[in-house]
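Structural features, examined
Given next are the chains, with one letter for each unit.
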There are 2 protein chains.
Amino acid sequence: MSAAAASTNTPSELAVPTNKTAHAFDKSALDALLLRRFFFAPSFEIYGGVAGLYDYGPTGSGLQANVIDAWRKHYIIEEDMLELDTTIMTLADVLKTSGHVDKFTDWMVKDVQTGEIYRADHLVEAVLEGRLKGNTEARGEKAKEVKDEDPKKAKKKKNVKSEAIRLDDEVVTDIEYILAKIDDYNGPQLGELIRKYNIRNPTTNNELTEPVEFNLMFESNIGPTGQIKGYLRPETAQGHFVNFGRLLEFNNGRVPFASAQIGKSFRNEIAPKQGLLRVREFTMAEIEHYVDPLDKRHARFQEVKDVVLTLLPKEVQQEGRTELTQMTVGEAVEKKVVDNETLGYFLARTQLFLEKIGIDPKRMRCRQHMANEMAHYAADCWDFEIQSSYGWVECVGCADRSAYDLSVHAARTKASLRVQQKLDEPKIVDTFECHWNAKDVGMRFKKDAPMVKEFVSGLEKEKLECIKKELAEKGTSSVQCPDGKSYDITSDLVKVEAVTKTEYMREFIPNVIEPSFGIGRILYSLLEHSYWAREQDKARGVLSLPSLVAPIKVLIVTISQDPQLRILIHDISRKMRKIGIASRVDDSSASIGKKYARNDELGTPFGCTVDFASLTKGTMTLRERDSTSQLIGPIDTVIEVVHAIVNGTMDWQAASGKLESYSGVQDVE
Amino acid sequence: MSAAAASTNTPSELAVPTNKTAHAFDKSALDALLLRRFFFAPSFEIYGGVAGLYDYGPTGSGLQANVIDAWRKHYIIEEDMLELDTTIMTLADVLKTSGHVDKFTDWMVKDVQTGEIYRADHLVEAVLEGRLKGNTEARGEKAKEVKDEDPKKAKKKKNVKSEAIRLDDEVVTDIEYILAKIDDYNGPQLGELIRKYNIRNPTTNNELTEPVEFNLMFESNIGPTGQIKGYLRPETAQGHFVNFGRLLEFNNGRVPFASAQIGKSFRNEIAPKQGLLRVREFTMAEIEHYVDPLDKRHARFQEVKDVVLTLLPKEVQQEGRTELTQMTVGEAVEKKVVDNETLGYFLARTQLFLEKIGIDPKRMRCRQHMANEMAHYAADCWDFEIQSSYGWVECVGCADRSAYDLSVHAARTKASLRVQQKLDEPKIVDTFECHWNAKDVGMRFKKDAPMVKEFVSGLEKEKLECIKKELAEKGTSSVQCPDGKSYDITSDLVKVEAVTKTEYMREFIPNVIEPSFGIGRILYSLLEHSYWAREQDKARGVLSLPSLVAPIKVLIVTISQDPQLRILIHDISRKMRKIGIASRVDDSSASIGKKYARNDELGTPFGCTVDFASLTKGTMTLRERDSTSQLIGPIDTVIEVVHAIVNGTMDWQAASGKLESYSGVQDVE
């Protein structure tokens, strides 16, 4: 599959074979294959393993390395981004400022007898859904089709047995209302629900404790004294923000530009399930694109404006509907469905990337966050959701984080994380200035004082004008600061005065638009989308991974155990590996058919077979995994062809022109 | 520089320009450059930073990504290794078994007043060296040339003021003896030395506490209960070993084969100094090669037998000498200087790799570990040391870890980590069998019982025979087990009986040969080796990084600010990036000379300049960083040439054939 072909907006042939989706998907068969072929396995398996930790084997790591390499080329190289590699071990202060120490938490409940721990919201949701289901059964109604269920729901259904008990109509209405806004409840509120509906541990029927807050960051200490507290980063983003000053300098002081980082992040999940979709250690690839808040256009938007996205806007969801709209990015931005060009640009580029690595475009959608889902500071946020047997799962988040992170770090550290722009000509401006009563501000707002002063003084003209008015009228004005809290500014603390001044420079804290990729979730989705079974042999799985990302590109086998042929295949393999083609020899005594079957399970796109003609005529056959069609030609020509296909400069059709078709070898034995 | 050229054993031209070493090395100038051009900087710098934690900027991460990519191609792809990506968060049990929980420690002492913390061995060493120096001064002798000093010594000298005080001859002899074996002292012994020589905190002259043991692993808890203890891995190796069973199966049950992993590891150093050479979080690349203990030959040894190594064998060091011997790997293995072919193979391959990425071969050596340095189980161990301003520093370790790790994990978990080999024909063997008195063994050795039984029962015939003899004569026999401890086996615990049996299979735990790379140390050494200043302009630094690893391959500039030319350079840059060439545009108003200077500091091997001829004739010039020589040709031809050079299929000489030489543009302005 040529990279060119893949980077159009239509699925490339090899990436999504038409026959692939023809069969019902068998998850247990795929799971067995992934373990048998060591794509991944539980970490420390021989020690019993630990939930939420997985090791990638040769196939999984190879696939991951190729996806990451494609990501680096697609984003960092092609878009000239500034790459970073910042530490995983993070100073507690940094994550205190970012809000993670206080807000990066889940609520958990314990079984009072067994001590078994559940995530409070997941449990309440599961139990109440079970009761609705039981009610439906009791009333002999047909269970409602649950659309687009997210992985946790999909999973929990299994745990929760629903008894056929009829509920009063108003109870049903209440429960439906609660489930609709389940993500909005805090710990105490979840506690009330647990009491009100007498919710117990579904497995033991024991009572549960009050919900307790649990921070999801792994904690540790740096150095021997135990005085420096650190956390394992929950995202790579903060590592970008604390380096913004140096990045801006590296970019000659100009925006827009983007920094990018690929690395491990950690979340100490309360009760992780669902394989690679909810893990405690995972690889992320994050881009932080810094833009002028007054100008979020993108220089290369024209190049992607015709890319078609499948959208699920917030308005639709708020009406409880889920139908999808197809629209070009150009149209979406023009109609303000997507907030700005830069956000739209990254949605389009991400669509192209996911297709390039083999995600089925028919099972991708961009879902916009609803108001209640977004962080208070976020301007707009879209998730790339990929559909798998777990439902629609967020795999890439594209958020406009506004100036929040840079503002709070600047306020906390006094580092200037501002962009200075020389104005073409000096500008006479009527504006407002804040004169603070430093002492009283300090006494009133304590540690928050610098942040409040920095933030308020930096507000635009209009805001300052209305604060001035409020102070004059009521003597007080309430301002919401980046930390999400509101502060009452009173006239004894600050004088806001109208001034006329000449500006030579413009200063601003840039906004940040962040595409954030969960590599593990993408990999798992890709494996499901690539998996199918052959018509003639259902038990025989095939992973139709594009050759761009396939962990091994070529399998090399011989038709017989003849020593000369055995030497030959090792020479061919070495030749290929020397020019960077990941190839594997299978010189076991298994039949060709068995070897091809193994090969199909490894997602290896090509197979080369040598026979005695190879010794006499110097030829070798080339088999394409998905079609099982075969070509034949001189060994070196076949190697050239494979090299070209793997580098994306040739596709199978072109290859068929360079080599003769062949039908000698039985594929199945 | 063509990859082919680089993978010979002689330094390639671009990698080590002859003029490069001509100038005295100015470390402060390099350090300033590395920070100014954001190769790396202290993590959370705006929060004051934390010792031993560094972030890589765009240049540093680009360089690292390219070195890692070269490593993956050189080892994983070309040698068909099985890649792994195992978790950083590691179950405590695993590291208990491996010995890290008990033995991965350093001894520290505290200043009784200030609480300042030092590594005990480093401090004692520094103070005693200071006294020897003072004695030398007092006697008016010339200070002895310190050869091959290691980084910590180089550093500490600076901290410790030496007063010119004369010491008695026997005191001098004692101190010299102590310093010679300083690495052998444990905590209590260091405590004695501190008291005997009244060693105090050199900066405050306060007394010091007794040495306390400190484990160098970062500790954390997995999950919400705090009951599952975890550590951040101190090496990636254990992640390979616990997966050995699956790896062996993946390889169809055969050895030899190798697994490889690139990833972050952590060491909570007591008082890290020396920049990237001693850090708390670092990227490693580790290979675990599994071989038959009875056959450590390597199939591809012939390919490297003529590679010349610079060796410092243990015998030489034991005589206190340091002169180096040059020898081919073939000769070294034949003469048993290097223990076996596999170890020799990896030494040669590593030599080739380090040269390929630009390490100066004249500043590399293989130093063999002396008996007292090696882990008790290690058969042989060689460090690749690279010379920098910090002295000779270990950057790659090549150790034969024997069967230790697999044995202890197998014993602890009961997982069979053994290889089974079908014998060509059944074999009648006279051997010995152990019949254990399970109950008593359990009572005697408690938790170690399974390990002792597994290990003793698995001993070869000769060992078992002499144990049988000892038991018969003395009723007891002492056996050293893989955990390093000796266990007294008594005749009431086990009967060792001669048996004759027919063997159809051979079973063994493979030995492990481990090349382990510290990527950060290699990067820093590479930067020092690549740094030089131009004859005509000492202040102007140049990093002669090979184009294989240079973070940015091409700088694109225009001679004037003409808008058409500005558009043109962005088009050219986009064209290059689309085919994967990392290029940067500099359209700032700085002079060409300044732009080239910046470019030289970034280690960018090529510069492309467009002028008005580019618009009329469609030509562009190409500048080579080290020679500053320039060529000119059609824009697309220049792009092709750059692409070929960057992919290692063309060198500058060949390029000079494809393009015309050019001398129009002044390099320095």
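Residues numbered from 1 in each chain as written. Chains lettered and ligands numbered in written order. Predicted model: local features only at pLDDT ≥ 70, side-chain atom pairs only at ≥ 80, totals over all residues. Heavy atoms only, no water.

**Some points on the side chain of Arg119 of chain A**
All names here are of chain A. We count it as follows: Only DSSP runs of H or I with at least four residues qualify as helices, and only runs of E with at least two residues qualify as strands; both kinds are numbered from the N terminus onward. Whenever a nitrogen or oxygen atom comes within 3.5 Å of another N or O atom, the pair is scored as a polar contact, on the condition that within protein one atom can donate a hydrogen and the other can accept it, and that pairs from neighbouring residues in sequence are kept only if both atoms are in side chains. The contact criterion used is simple: two residues touch if any of their non-hydrogen atoms lie within 4.5 Å.
Mapped onto the elements of the fold, Arg119 is located in strand β6 (residues 117-119). Only 3.3 Å separates the side chain of Arg119 from the side chain of Asp106, close enough to count as a polar contact. If sequence neighbours within four positions are ignored, Arg119 has contacts with Asp106, Trp107, Met108, Glu269, Ile270 and Arg278.

**Section: the packing of helix α2 (residues 27-36) of chain A against helix α20 (residues 519-530) of chain A**
Residue and element names in this part refer to chain A. Stated formally: In this description, a line fitted to the C-alpha atoms serves as the axis of each element, helices being fitted only across the stretch in contact, and the angle between N-to-C directions of two axes falls anywhere from 0 to 180 degrees. Angle categories are assigned with fixed cut-offs, so that under 35 degrees is roughly parallel, over 145 is roughly antiparallel, 65 to 115 is roughly perpendicular, and the rest are oblique. If you view the pair so one helix is near and one far, a crossing is left-handed when the near helix is turned anticlockwise from the far one by less than a right angle, and right-handed when it is turned clockwise.
Two elements in contact, α2 and α20, have axes whose closest approach is 11 Å; the angle formed by their N-to-C orientations is 120°. Between α2 and α20, the interaxial angle falls into the category oblique. With respect to the hand of their crossing, α2 and α20 are arranged in right-handed fashion. Between α2, through Lys27, Leu30, Asp31 and Leu34, and α20, the contact on the second element is made entirely by Tyr524, Leu527 and Glu528.

**Some remarks on the UniProt feature "domain: Aminoacyl-transfer RNA synthetases class-II family profile" (unreviewed entry) in chain A**
What counts, and what does not: UniProt positions are given in the numbering used here, feature names are shortened, and annotations may be inferred rather than shown by experiment.
The positions that UniProt labels "domain: Aminoacyl-transfer RNA synthetases class-II family profile" (unreviewed entry) are, in the present scheme, residues 231-546 of chain A. Within the segment residues 231-546 of chain A, helix and strand shares are 31% and 38% respectively, and the terminal C-alpha atoms sit 38 Å apart.

**Some words on the interface of chain B and chain A**
The criterion, for reference: As used here, buried area is the combined drop in accessible area, with a 1.4 Å probe, of two parts when they are placed together. Just to be clear on terms, a salt bridge is a Lys or Arg side-chain nitrogen sitting within 4 Å of an Asp or Glu carboxyl oxygen. Residue polarity follows a fixed list, in which Ala, Val, Leu, Ile, Met, Phe, Trp, Tyr, Cys and Pro are nonpolar, Asp, Glu, Lys and Arg are charged, and the others, Gly among them, are polar.
With 86 residues of chain B in contact, the opposing surface of chain A contributes 86 residues. Buried area between chain B and chain A, both sides added, is near 7500 Å², and the carbon and sulfur share of it is 58%. Where chain B meets chain A, there are 12 salt bridges. Note that Asp80 of chain A and Arg584 of chain B form a salt bridge whose closest N and O atoms lie 3.4 Å from each other. Summed over the shared surface of chain B and chain A, the number is 44 residue pairs in polar contact (both at pLDDT 80 or more). The element contributing the most residues to the side of chain B that touches chain A is helix α3 (residues 58-77) of chain B, with 8 residues. In the side of chain B that touches chain A, the residues fall into 35 nonpolar, 24 polar and 27 charged.

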